Structures are given as C-alpha cells and as structure tokens.
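Below are the chains, spelled out letter by letter.
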Amino acid sequence: DASAAPARLEWTVEPYREKPWRTALVAAVIAGVALGTYAVFRDLVLAILAGALLASSLRPFFSRTRFVLDAEGAEFSRGWTRTRRAWDGFRTHYADRRGVTLSPFAHASWLEPYRGMRLFFGGNREEVLAFIATRVPAGSPGRRRWSFRRKTAS
C-alpha cells in the first residue's frame, strides 16, 4: 500500500568499509596484477596502467554510493556522477541478498546490467523492498535464466 511507505528513502553504501578483509584482498589483487604485469613486460608505465584500469573497473566497490527513492523515481550518485530514473521506466524488480535490480524489461534480458538500475541494500533490505514494491512489480522467481535463443510460441 503506497500510503504506508515513506515519501522518501535515502541511504549510503560504502562496500570498502563493510568488510575490511575484503578491501585488503581486492587491494592485494590490484597490486598483484600490477606487479605481474611488470614482471612479464618489464614496463613500469604498463604495470601502472594495468593496476589503474583494474582499480577503475572496481570503482563501485571503492566509492561511497548514495541512493534515493522518492515519489518520482530512483537515483544513485557516486563521486561526480548521478543517475536518476522515473518509476515508469521500470517494469520489474528482482532482489537478491545484496541488493535489488530495477529492470526496464518484463522478462529477463542480457541487457539488464546496461539498461536497469542496481541498488545495494546497505542494511535496510525490508524498507527498500517495501518502497519499491509499491511502485514496480516483482519479477518471477528463477528469472536469472535467460539465453540468446529466441522464444518460440508453442
């Protein structure tokens, strides 16, 4: 019921602070890739570039992300970037243990990571799911199974 949900829900997630051992492991992997690149190619610039590229691909892990849900839509901001989408741009949502995916597709699609929006819970799973459930229908269980094959009518 939309009247029971709060008008606005806002929270921040910092994955690098949640489990320090995981942060140390990720940092060690980045350093290992840089050192391995240097060991193989003996090129300091290439080693720094390899480490920097890997670190930049892990930006969501090393960044503080702010999420906002309100009557108009969902938003997340990380560093200098901000993404906002209206509720009518989503057709389903799927939750797992770490977060929820807001999908513009009625059924599973390989395009979801590029067209959907991923929100991490950050300790408020029930509030987030209750808020989203009033605006976007839940997807069917087992929806992670998709393929490139075209579905045929039976």
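Residues numbered from 1 in each chain as written. Predicted model: local features only at pLDDT ≥ 70, side-chain atom pairs only at ≥ 80, totals over all residues. Heavy atoms only, no water.

Draft legend 1. Spotlight on helix H6 (residues 125-133). Residues of H6 that are buried: Val128, Leu129, Phe131 and Ile132. The buried side chains of H6 occupy one side of the element, clustering within an arc of 160° when seen end-on. Relative to its buried face, H6 has exposed residues pointing more than 90 degrees away, namely Glu126 and Ala133. For H6, the secondary structure elements touched by its buried residues are strand S1 (8-13), strand S2 (65-70), strand S5 (92-95), strand S6 (99-103) and strand S7 (117-120). (Buried < 20%, exposed > 50% of the residue type's maximum accessible area, 1.4 Å probe, protein only. Helix = DSSP H or I, 4+ residues; strand = E, 2+ residues; numbered from the N terminus. Arc of directions from axis to C-beta. Contact = heavy atoms within 4.5 Å.)

Draft legend 2. A look at the pattern of salt bridges. Per the counting criterion, the structure on display carries 11 salt bridges. For Glu14, the salt bridge identified is with Arg17, shortest N-O distance 3.9 Å. The class of Arg17 is exposed, set by a relative accessible area of 56%. As a salt-bridge pair, Arg84 and Glu75 come within 3.2 Å of each other at their nearest N and O atoms. In this structure Arg84 comes out as partly exposed when scored by relative accessible area, which is 31%. Here the salt bridges do not stand alone but share partners, grouping Arg8, Glu10, Arg66, Asp70, Glu75, Arg82 and Arg84 into one network. (Salt bridge = Lys/Arg side-chain N within 4 Å of Asp/Glu carboxyl O.)

Draft legend 3. Inspection of the sheet that holds strand S4 (residues 81-86) at higher detail. Taken together, 4 strands build an open sheet; the order of strands is S1-S2-S3-S4 and the sheet is antiparallel. Each edge of the open sheet carries a strand with a single partner, namely S1 and S4. Strand after strand, the sheet turns through a mean of 10° between neighbouring axes, direction not considered. In the sheet, S2 pairs with strand S3 (residues 73-78) via 5 bridges, with the strands oriented antiparallel. Counted as the bridge partner of Phe67 is Phe76 from S3. Against the sheet, H6 touches S1 and S2, its axis set at about 140° to S1. (Pairing = 2+ DSSP bridges. Axes fitted to C-alpha atoms, helices over the stretch in contact; angles between N-to-C directions.)

Draft legend 4. Fine view of the environment of Leu46. Locating Leu46 in the fold gives a position in helix H3 (residues 44-57). Along the chain, Leu46 and Ala34 lie 12 residues apart, while their C-alpha atoms are 8.2 Å from each other. Leave out the neighbours within four places in its chain, and Leu46 touches Thr37 and Phe41.

Draft legend 5. The arrangement of the pairing of S6 in detail. Judged by how many residues are buried, S6 sits mostly within the fold: 5 of 5 residues are covered. With burial as the criterion, each face of S6 is covered, one bearing Gly99, Thr101 and Ser103 and the other bearing Val100 and Leu102. Where S5 lies against S6, 4 bridges are found, and the strand directions are antiparallel. Looking at S6, one finds that Ala95 is bridged to Val100. With antiparallel pairing between neighbouring strands as the criterion, S5 and S6 make up a hairpin whose turn holds 3 residues. Judged from the 4 bridges that link them, S6 and S7 form a sheet pairing that is antiparallel. Looking across to S7, one finds that Leu102 is bridged to Met117.

Fair warning: the whole summary comes from geometry, so function is off the table for now.
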